[in-house]
Amino acid sequence: MSEVLAPAALNAAQQQVLDQLGSTDRPNFDPALRAQLRHELDQAFEPMLEHISLEEPLFVSKRAISMVHNCEQLYVADQTEEFRWSVPIARGIVSHKAIELLVGYRGNPTPLDLVDAAIARLENDQFGPADFLRGLSEGERAELVALANDRVTTFMETFPPLERQWRPTTEARVRAEFGEGRIQLSGKIDLQLGFARGTQAGKVTIDLKTGRTHRSHMDDLRFYALIDTLKSGTPPRLLVSYYLEQGLPHTEAVTEELLWSAARRTAEAVARIVELNGGEVTPARTPGGSCSFCPLNDSCEEGIAYLTERRQLS
Ligand code: SF4
């Protein structure tokens, strides 16, 4: 992005982000890569298709892949948990919507302007958190506004202003279908900047994160890079986990090897998901960081032992 550096004065954090995002090469990728990756995944998924109907396709998200690789029992538990909106969960979608509006908003909106506009738009949707938002008490709504405002303010303070020439897109949906739609890999990318020129990569794919850094965040982005490559043929050039609380980007340049690794990881996870969904196998329990928020952490022996040991060490 350095060739389209904005004239606006940037603070040190914004300049660091701009330098990091603009510094990597723009490699050319083999135009056959898209077909090769698709062939690899077609081959891997082929034996699974007989277990999946067209009426009930298997939707595979980064979340499901991450859970299966972290702890299979957690994945199984998550399938049966009823999803409920809450203020902390709604904070993510509201702040992402506010950042989306920032791209096209005229004038000089404040973070609160954007958050209010985001909530108003989401309340009028037919899906997502619309019912939840309309049913909030005044206190809950104020809490949601404060939480989302904090995220949007931090983003505006530490991320360079989004220039139109960068072609910013937010909440961009990506999807790849296999077996006539029986298996669908899908995701929603928080923020994308830049664009490819033919086979020369130029896009930067960004996931906005709160909380601590975690290695699985880069795996999530690799999954998105894979789907994006299956979609357009030219991969993004750079993957970025942007940690809002630190104002810091963690970056990884996209390579062919990275995409093949993401394809193998995805194929392994989907195979296991099909087995677990079919109830043919006993899910493995793998204690780790996920135990802290697992709904089974008061009954799972492995999780209880792990959390007890962690508390004693801290
Ligand atoms: S408590 Fe930990 S080990 Fe047990 S199911 Fe949950 S994530 Fe897995």
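Residues numbered from 1 in each chain as written. Predicted model: local features only at pLDDT ≥ 70, side-chain atom pairs only at ≥ 80, totals over all residues.

**Considering the overall build of the chain**
Now for step 1: Counting its regular elements, the chain contains 11 helices and 6 strands.
Now for step 2: Against the 2.2 N^0.38 benchmark of 20 Å for 314 residues, the chain shows a C-alpha radius of gyration of 21 Å, consistent with a compact globule.
Now for step 3: Put simply, the chain has 314 residues, and 36% of those count as buried.
Now for step 4: Within the chain, contacts between residues at least 6 apart in sequence are counted, and of these 69% link residues at least 24 apart. (Helix = DSSP H or I, 4+ residues; strand = E, 2+ residues; numbered from the N terminus. Rg over C-alpha atoms; globule rule 2.2 N^0.38 Å. Buried ≥ 20, exposed ≤ 12 C-beta atoms within 10 Å, placed from the backbone. Contact = placed C-beta atoms within 7 Å.)

**Some points on the packing of helix 2 (residues 33-45) against helix 9 (residues 215-232)**
Now for step 1: For the pair helix 2 and helix 9, interaxial distance at closest approach is 8 Å and the crossing angle is 115°. Crossing angle aside, the handedness with which helix 2 passes helix 9 is left-handed. Of the residues in helix 9, those in contact with Leu33, Arg34, Leu37 and Arg38 of helix 2 are Leu226, Thr229 and Leu230.
Now for step 2: Of the residues that constitute the contact of helix 2 with helix 9, the class distribution is 4 nonpolar, 1 polar and 2 charged. (Axes fitted to C-alpha atoms, helices over the stretch in contact; angles between N-to-C directions. Left-handed = near helix turned anticlockwise from the far one by under 90°. Nonpolar A, V, L, I, M, F, W, Y, C, P; charged D, E, K, R; others polar.)

**A word on the site of the ligand**
Now for step 1: Inspection of the region around the ligand gives 14 residues, with Cys71, Cys291, Cys294, Cys300 and Gly303 positioned closest.
Now for step 2: Residue classes in the shell around the ligand are distributed as 7 nonpolar, 5 polar and 2 charged. (Near = placed C-beta within 6 Å.)

**Comments concerning the domain arrangement of the chain**
Now for step 1: Segmenting the chain into domains produces domain 1 (7-69 + 165-266) and domain 2 (87-158).
Now for step 2: Once you take the C-alpha centre of each, domain 1 and domain 2 turn out to be 25 Å apart.
Now for step 3: Contacts between the two partners involve 12 residues from domain 1 and, on the opposite side, 8 residues from domain 2.
Now for step 4: At the level of elements, helix 1 (12-22), strand 2 (169-178) and strand 3 (183-193) are the ones that each hand at least two residues to the side of domain 1 that touches domain 2.
Now for step 5: If one sorts the elements of the side of domain 1 that touches domain 2 by residue count, helix 1 sits on top with 3 residues.
Now for step 6: When grouped by side-chain class, the residues that make up the side of domain 1 that touches domain 2 number 6 nonpolar, 4 polar and 2 charged. (Domains from an automatic or database assignment.)

**What to know about the nonpolar core**
Now for step 1: Core analysis: the largest hydrophobic core is formed by 70 residues, its most contacted members being Val94, Ala98, Val115, Ala225, Leu226, Ile227 and Val270.
Now for step 2: When residues of this core are assigned to domains, at least three map to each of domain 1 (7-69 + 165-266) and domain 2 (87-158).
Now for step 3: Ignoring sequence-local partners within four residues, the contact set of leucine 226 consists of Leu37, Leu259, Ala262, Ala263 and Thr266. (Core = buried A, V, L, I, M, F, W, Y, C linked by C-beta atoms within 7 Å.)

**What about unusual backbone geometry?**
Now for step 1: For arginine 167, which is not glycine, the phi dihedral falls at a positive 50°.
Now for step 2: If you check the backbone angles, glutamate 180 has positive phi at about 55° while not being a glycine.
Now for step 3: Within the secondary structure layout, glutamate 180 lies in the loop between strand 2 and strand 3.

**Looking at the confidence of the model for the chain**
Now for step 1: On average, residues of the chain score 92 in pLDDT, and 97% of them are at 70 or above.
Now for step 2: At the low end of the mean pLDDT range in the chain sits helix 5 (residues 87-104), at 89; at the high end sits helix 2, at 98.
Now for step 3: Long-range and interchain partners of residues 2-6, a stretch whose pLDDT sits below 50, account for 8 contacts in this model, where long-range means more than four residues apart. (pLDDT = per-residue confidence, 0-100.)

**Observations concerning helix 3 (residues 62-70)**
Now for step 1: Looking at helix 3, one finds that the buried residues are Lys62, Ile65, Ser66, Met67 and Val68.
Now for step 2: Taken together, the buried residues of helix 3 touch strand 1 (58-60), helix 4 (72-80), strand 3, helix 9 and helix 10 (256-277).

**Side note on the pairing of strand 2**
Now for step 1: Sheet topology note: the strand 2/strand 3 ladder contains 9 bridges and is antiparallel. Following the sheet pairing, threonine 170 is matched in strand 3 by leucine 191.
Now for step 2: Counted between consecutive antiparallel strands, the loop separating strand 2 from strand 3 contains 4 residues, among which glycine 179 sits at a positive phi close to 60°. (Pairing = 2+ DSSP bridges.)

**Concerning helix 2**
Now for step 1: Taking 1.5 Å per residue, 13 residues should reach 18 Å; helix 2 reaches 18 Å between its end C-alpha atoms and fits that length.
Now for step 2: The set of residues buried in helix 2 consists of Leu37, Leu41 and Phe45. Axial view of helix 2: buried residues confined to an arc of 65°, hence all on one face. Looking at helix 2, the residues exposed on the side facing more than 90 degrees away from the buried face are Ala35, His39 and Gln43. (Expected span 1.5 Å × (residues − 1). Arc of directions from axis to C-beta.)

**What to know about the packing of helix 6 (residues 111-123) against helix 8 (residues 138-158)**
When two helices pack together, their arrangement is given by the angle between the helix axes and the distance between those axes.
Now for step 1: At a minimum axis separation of 9 Å, helix 6 and helix 8 run at an interaxial angle of 130°. The angle between helix 6 and helix 8 falls in the class oblique. Crossing hand, helix 6 versus helix 8: right-handed. Here Pro111, Leu112, Leu114 and Val115 of helix 6 lie close against helix 8, whose contacting residues are Val145, Ala148, Asn149, Val152, Thr153 and Met156.
Now for step 2: Grouping the constituent residues of the contact of helix 6 with helix 8 by class yields 8 nonpolar, 2 polar and no charged. (Parallel < 35°, antiparallel > 145°, perpendicular 65-115°, else oblique.)

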